[in-house]
Amino acid sequence: MPEAHMYPPCRVRPATLHDEAALGGLDRATWSTLHAVMPRPQPPYAPFFDERHRPEDLLVAEARDGAGELRLAGYTRTVPPTPLACNSHVRQIQGLAVADWARGRGIARALLRAAVTAARGEGANRMTLRVLGHNAPARALYESEGFVVEGVLPGEFFLDGRYVDDVLMGRALAP
């Protein structure tokens, strides 16, 4: 039996202030130059939530780990890309992370689909994101969910000793 079928599906819900410690830990544990453009976080760690990163902007996934414990398995942050009224029909994914122990179980896909549903519920009709060019797993997931490359900023970032493209992707949110 494939591993993905050994576990029940995850539950996606809005984040709360009580998730802050788990989200901060997950964010630090999943840091990688595969997707991060900021330096690796160092202690003392900044709070996960601040005026730009609010609980209401995040969806979290909970799943059972190998010991059967219900844990925070991942999150996505989706926000309007600008404060402009003329851009209010767009939502942008500005973060998606899944714990190592939860990978390969459809958590990222469930979070992405929940973000699309939530954005539609807020009246958005378009969703965008930015992904690093060398992040093939994320790009494949986004493409499989209807996102297309809408632009590339070649060599936009210098990470881990090499230049990396910034890939702009988007999709319509029509049902």
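Quick summary incoming for the structure in this document.

Analysis parameters
- Residues numbered from 1 in each chain as written.
- Predicted model: local features only at pLDDT ≥ 70, side-chain atom pairs only at ≥ 80, totals over all residues.
- Heavy atoms only, no water.
- Helix = DSSP H or I, 4+ residues; strand = E, 2+ residues; numbered from the N terminus.
- Buried < 20%, exposed > 50% of the residue type's maximum accessible area, 1.4 Å probe, protein only.
- Contact = heavy atoms within 4.5 Å.
- Phe/Tyr/Trp six-rings, centres within 6.5 Å; stacked < 30°, edge-to-face > 60°.
- Lys NZ or Arg CZ within 6 Å of the ring centre and 35° of its normal.
- Core = buried A, V, L, I, M, F, W, Y, C linked by side-chain atoms within 4.5 Å.
- Arc of directions from axis to C-beta.
- Salt bridge = Lys/Arg side-chain N within 4 Å of Asp/Glu carboxyl O.

1. Here's the deal with the environment of histidine 89
Next up, step 1: You can see histidine 89 is positioned in the loop between strand E3 (70-79) and strand E4 (90-98).
Next up, step 2: On the accessibility criterion, histidine 89 (31% relative accessible area) is partly exposed.
Next up, step 3: As for histidine 89 and methionine 127, which are separated by 38 residues in sequence, their C-alpha atoms are 8.7 Å apart.
Next up, step 4: Beyond its immediate stretch of four places on either side in the chain, histidine 89 contacts Ala124, Asn125 and Arg126.

2. Some words on the packing of aromatic side chains
Between two aromatic rings, the relevant description is the distance of the centres plus the angle of the planes.
Next up, step 1: Using the criterion set out here, one finds four aromatic pairs in the structure.
Next up, step 2: Summarising the aromatic geometry, the rings of phenylalanine 48 and tyrosine 75 are spaced 5.5 Å apart at their centres and angled 80° between planes, so their arrangement reads as edge-to-face. Of this pair, phenylalanine 48 sits in the loop between helix H1 (20-29) and strand E2 (58-64) while tyrosine 75 sits in strand E3; the two residues are 27 residues apart in sequence, bridging distant segments of the chain. Just as phenylalanine 48 is buried, tyrosine 75 falls in that class too.
Next up, step 3: A ring pair is formed by tyrosine 142 and phenylalanine 147, whose centres lie 5.8 Å apart and whose planes are at 65°; its orientation type is edge-to-face.
Next up, step 4: Judged by its relative accessible area of 2%, phenylalanine 147 falls in the buried class.
Next up, step 5: Here the aromatic cluster, defined as three or more aromatic residues joined through ring pairs, consists of Phe48, Phe49 and Tyr75.
Next up, step 6: Its guanidinium or amino end placed over the ring of tyrosine 45, arginine 28 lies 4.0 Å from that ring's centre, counting from NZ or CZ.
Next up, step 7: A cation over an aromatic ring shows up here: arginine 171 above the ring of phenylalanine 147, its NZ or CZ 6.0 Å from the ring centre.

3. Describing the nonpolar core
Next up, step 1: Ranked by size, the top nonpolar core spans 36 residues in total, and within it Leu23, Tyr75, Ile107, Met127, Tyr142 and Phe147 carry the most contacts.
Next up, step 2: Broken down by secondary-structure element, the contributors of at least two residues to this core are H1, E2, E3, E4, helix H2 (107-121), strand E5 (126-132), helix H3 (136-144) and strand E7 (162-172).
Next up, step 3: With six residues, the single largest contributor to this core is H2.
Next up, step 4: If sequence neighbours within four positions are ignored, isoleucine 107 has contacts with Cys10, Ala61, Ala63, Ala73, Gly74, Val98 and Ala102.

4. Here's the deal with H1
Next up, step 1: Inspection of H1 places Leu23, Gly24 and Leu26 among the buried residues, and these make up the whole buried set. Seen end-on, H1 carries its buried residues on one side only, within an arc spanning 165°. Relative to its buried face, H1 has exposed residues pointing more than 90 degrees away, namely Ala21 and Ala29.
Next up, step 2: Elements that come into contact with the buried residues of H1 comprise E2, E3 and E4.

5. Some points on the pattern of salt bridges
Next up, step 1: This structure, assessed with the given rule, holds twelve salt bridges.
Next up, step 2: Glutamate 145 is paired through a salt bridge with arginine 109; the nearest N and O atoms lie 2.5 Å apart. Of the two residues, glutamate 145 is situated in the loop between H3 and strand E6 (148-159) and arginine 109 in helix H2; the sequence distance between them amounts to 36 residues.
Next up, step 3: Residue class for glutamate 145 comes out buried when judged on its relative accessible area of 11%.
Next up, step 4: What emerges from the salt-bridge pattern is a single network uniting Arg11, Arg13, Asp19 and Glu62.

Note that every value here comes from positions in space, so none of it alone points to a role or purpose.
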